[in-house]
Amino acid sequence: MTDVTGVNADVLHTLFRSEQGGHEQVVLCQDRASGLKAVIAIHSTAMGPALGGTRFYPYTSEQEAVADALNLSRGMSYKNAMAGLDHGGGKAVIIGDPEQIKSEELLLAYGRFVDSLGGRYVTACDVGTYVADMDVVARASRWVTGRSPENGGAGDSSVLTAYGVFQGMRASARHLWGEPTLRGRRVGVAGVGKVGHYLVEHLVSDGAEVVITDVREESVRRVLDRHPQVTAVADTATLIRTEGLDVYAPCALGGALNDATVPALTAKVVCGAANNQLAHPGVEKDLADRGILYAPDYVVNAGGVIQVADELHGFDFDRCKAKASEIFDTTLAIFARAKTDGIPPAAAADRIAEQRMAEAHGR
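No experiment lies behind these values; they were computed from the predicted model shown. (Residues numbered from 1 in each chain as written. Predicted model: local features only at pLDDT ≥ 70, side-chain atom pairs only at ≥ 80, totals over all residues. Heavy atoms only, no water.)

Regarding the nonpolar core
General note: in soluble globular proteins, nonpolar side chains tend to be found buried as a group.
Moving on, step 1. Core analysis: the biggest nonpolar cluster contains 47 residues, and Met169, Val189, Leu199, Leu203 and Ile212 have the highest contact counts within it.
Moving on, step 2. Here this core gets seven residues from one element, more than from any other, and that element is helix H6 (residues 158–177).
Moving on, step 3. Once you skip the residues sitting within four places of it in the chain, isoleucine 212 turns out to touch Val189, Val192, Val200, Val220, Val223, Leu224, Val230, Thr231, Ala232 and Val233.
Moving on, step 4. Membership of the second largest hydrophobic core comes to 23 residues, among which are Tyr110, Val114, Leu117 and Cys125. (Core = buried A, V, L, I, M, F, W, Y, C linked by side-chain atoms within 4.5 Å. Buried < 20%, exposed > 50% of the residue type's maximum accessible area, 1.4 Å probe, protein only. Helix = DSSP H or I, 4+ residues; strand = E, 2+ residues; numbered from the N terminus. Contact = heavy atoms within 4.5 Å.)

With respect to helix H2 (residues 62–82)
Moving on, step 1. With 21 residues, H2 ought to run about 30 Å at 1.5 Å a step, and its terminal C-alpha atoms sit 30 Å apart, in line with that.
Moving on, step 2. With respect to burial, H2 is a largely interior element, 15 of its 21 residues being buried.
Moving on, step 3. In the stretch just after H2, glycine 84 is the one whose phi turns positive, near 75°. (Expected span 1.5 Å × (residues − 1).)

Thoughts on the environment of asparagine 151
Moving on, step 1. In this structure, asparagine 151 sits in the loop between helix H5 (131–137) and H6.
Moving on, step 2. C-alpha of asparagine 151 to C-alpha of histidine 361: the two residues are 210 residues apart in sequence and 35 Å apart in space.

Comments concerning the packing of aromatic side chains
The relation between two aromatic rings is expressed through the spacing of the ring centres and the mutual angle of the planes.
Moving on, step 1. Applying the stated criterion across every chain yields a total of three aromatic pairs.
Moving on, step 2. When the centroid spacing of 5.1 Å and the interplanar angle of 70° are considered together, the rings of tyrosine 57 and tyrosine 59 count as edge-to-face.
Moving on, step 3. With centroids separated by 6.4 Å and ring planes inclined at 70°, the aromatic side chains of phenylalanine 315 and phenylalanine 317 adopt a geometry described as edge-to-face.
Moving on, step 4. Take phenylalanine 317: its relative accessible area is 35%, and that puts it in the partly exposed class. (Phe/Tyr/Trp six-rings, centres within 6.5 Å; stacked < 30°, edge-to-face > 60°.)

Here we look at unusual backbone geometry
Negative phi characterises most residues that are not glycine, and trans characterises most peptide bonds.
Moving on, step 1. Of note, the phi angle at asparagine 276 is positive, near 50°, even though the residue is not glycine.
Moving on, step 2. Turning to its location among the elements, asparagine 276 is positioned in the loop between strand S11 (269–270) and helix H10 (283–289).

What about the pairing of strand S7 (residues 186–190)?
Moving on, step 1. Burial of S7 is extensive: four of the five residues sit out of reach of the surface.
Moving on, step 2. As defined by bridge partners, S7 adjoins strand S8 (residues 209–213) across five bridges and the pair is classed as parallel. Bridged to alanine 190 within S8 is threonine 213.
Moving on, step 3. Handedness of the β-α-β unit built from S7, helix H7 (residues 196–205) and S8 comes out right-handed.
Moving on, step 4. The sheet contact formed by S7 and strand S10 (residues 247–250) spans four bridges and is parallel. Of the residues in S10, the one forming a bridge with valine 189 is alanine 249. (Pairing = 2+ DSSP bridges. Right-handed = clockwise from strand over helix to strand, strands pointing away.)

Next up, the structure:
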């Protein structure tokens, strides 16, 4: 079903009427000369200018791209609120295979669209975009973070993203097993690319037994060459069924926790870097019913956004790392709220974030 504009009606319902919506602004961007087709979604500016990365991905349809931008931008509002940042939530997606259509001309055209919003949206890296890309986008707009140190930026935000996930994992271990360490625990990491391979570094240093998988053989090989004690399995389906797995860390694309994977999980904790891990409402209850502790994704993976937000004020790595360390206490507070309210941790995190945004609206 579509409306008179040809836009999928489900997308319009999400934008204007559903509980998943409430977005302030959605911009459809097109530059025929470069082939750019992009969506910029601003969910909320209650806490400050919307901040969120640019995803470059070969979506199967424009409707899928719009829906992803809506979901991701809403998630950024909650992530930024829980991270204690003076930023609302936004996200952009560029439609297409970055390995085929990404060009300087396209990135500059995208930068001009970002700039046209006058600072309501600040962009950064995400899946399919990198520091070098943000350097190009920044030539057309000042509202860009995640740039290289040579261009006044903070560099790769994956470093602190992984560090924050590790803090969330330590908090999960403290809550469930009494000690804030993964020493002696078997941890499965699905996706060892931008963030996942840094997470493996922390886990190995902490004394964990690590099992990995990735669709890219070169990513797996990079980890195994550096850490021969790490083992690899063929795919995620094998990883989640690994005997004796204590923690599962989804670090690739979203939707990792769904009706098929949750019943198959052997782990007692899920804590990973991927965004939007819960495929649909109700999955968080399914996890709780199985006795699986879920560390909300947008809480534990906030290290990256903490870093890029700091770049706007003159980047200081030590200051960022100290703030990312607070993810440990934030995660513990969410588990405590979940227990007090008798709800899953994901719902507890949402309640805290929504309260913070409501208070910001009232200021």
